[in-house]
Amino acid sequence: KENADSKPKENADSKPKENADSKPTEPKSKANIEAPKFPIKSASKKHANAAGENDKLPTAKKPKTKDDIKDMVQSDPNSFVNKRVAKDFDGECFFGKVTKYDDTEPPPFWHVVYDDGDEEDFSSRDLIKSLKHYKKHGKDDKNASD
């Protein structure tokens, strides 16, 4: 005997209930969950080839980057005295040597004497750029000692 408070049980073959808006209410299940409409980042490819496809020999140590040189310029500015540098003037590469570092007045600078006798004071940005240029073109330096 059913009392008035009890709800009728639905069997597996029954139709979904309808709500007040006349839309069928589906039973909640994983199959009925919609995917979000916004873009989703895919999983990292780092683990995609975990089966051994990425088993490569270790690579050589990276050469110093601009940031490494910048850190060195800031941490040990005197270490660049007597270093060779290169600078491009109108498409021609000129080589020189850092002769001194002066930080008695801000901003500090490195004094450079070029092989042709010209002189110039470098800011830290100029020094970093010229060291990079020398790294690329230093093989053409006839006065290189190191």
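Scroll up to find the structure this text is about.
Residues numbered from 1 in each chain as written. Predicted model: local features only at pLDDT ≥ 70, side-chain atom pairs only at ≥ 80, totals over all residues. Heavy atoms only, no water.

1. Quick word on the nonpolar core
Phase 1: In this structure, Val73, Val85, Trp110, Phe122 and Leu127 are the most contacted members of the largest nonpolar core, which totals 13 residues.
Phase 2: Of all elements in the fold, only helix H1 (66-75), strand E2 (92-102), strand E3 (109-114) and helix H2 (124-137) reach the threshold of two or more residues within this core.
Phase 3: Setting aside chain neighbours within four positions, we find Leu127 in contact with Val73, Phe80, Val85, Val98, Trp110 and Phe122. (Core = buried A, V, L, I, M, F, W, Y, C linked by side-chain atoms within 4.5 Å. Buried < 20%, exposed > 50% of the residue type's maximum accessible area, 1.4 Å probe, protein only. Helix = DSSP H or I, 4+ residues; strand = E, 2+ residues; numbered from the N terminus. Contact = heavy atoms within 4.5 Å.)

2. Concerning the environment of Pro107
Phase 1: Mapping Pro107 onto the fold places it in the loop between E2 and E3.
Phase 2: Along the primary structure Pro107 and Ser124 are separated by 17 residues, whereas in three dimensions their C-alpha atoms are 9.1 Å apart.

3. Some words on a negative patch on the surface
Phase 1: Together, Asp116, Asp118, Glu119 and Asp121 give the surface a local cluster of negative charge.
Phase 2: Within the secondary structure, Glu119 sits in strand E4 (residues 119-122).
Phase 3: Using a relative accessible area of 53% as the deciding quantity, one classes Glu119 as exposed. (Patch = residues over 30% accessible without salt bridge, like charges linked within 9 Å, V, L, I, M, F, W, Y side chains within 5 Å. Areas by Shrake-Rupley, 256 points an atom, 1.4 Å probe, with all protein chains shown as cover. Salt bridge = Lys/Arg side-chain N within 4 Å of Asp/Glu carboxyl O. Lys, Arg positive; Asp, Glu negative; His and termini not counted. Charge placed at Lys NZ, Arg CZ, Asp CG, Glu CD.)

4. Section: the sheet that holds E4
Phase 1: As summarised here, the arrangement of the four strands in space is E1-E2-E3-E4, forming an open sheet in which the pairing is antiparallel. Lying at the two open borders of the sheet, with one neighbouring strand each, are strand E1 (84-89) and E4. Strand-to-strand twist of the sheet, defined as the mean angle between neighbouring strand axes without regard to direction, takes the value 40 degrees.
Phase 2: The sheet contact formed by E2 and E3 spans six bridges and is antiparallel. Within the sheet, the bridge partner assigned to Lys97 lies in E3 and is Val113.
Phase 3: On top of the sheet, H2 reaches E1, E2, E3 and E4; it is set at about 95 degrees to E1, its chief contact. (Pairing = 2+ DSSP bridges. Axes fitted to C-alpha atoms, helices over the stretch in contact; angles between N-to-C directions.)

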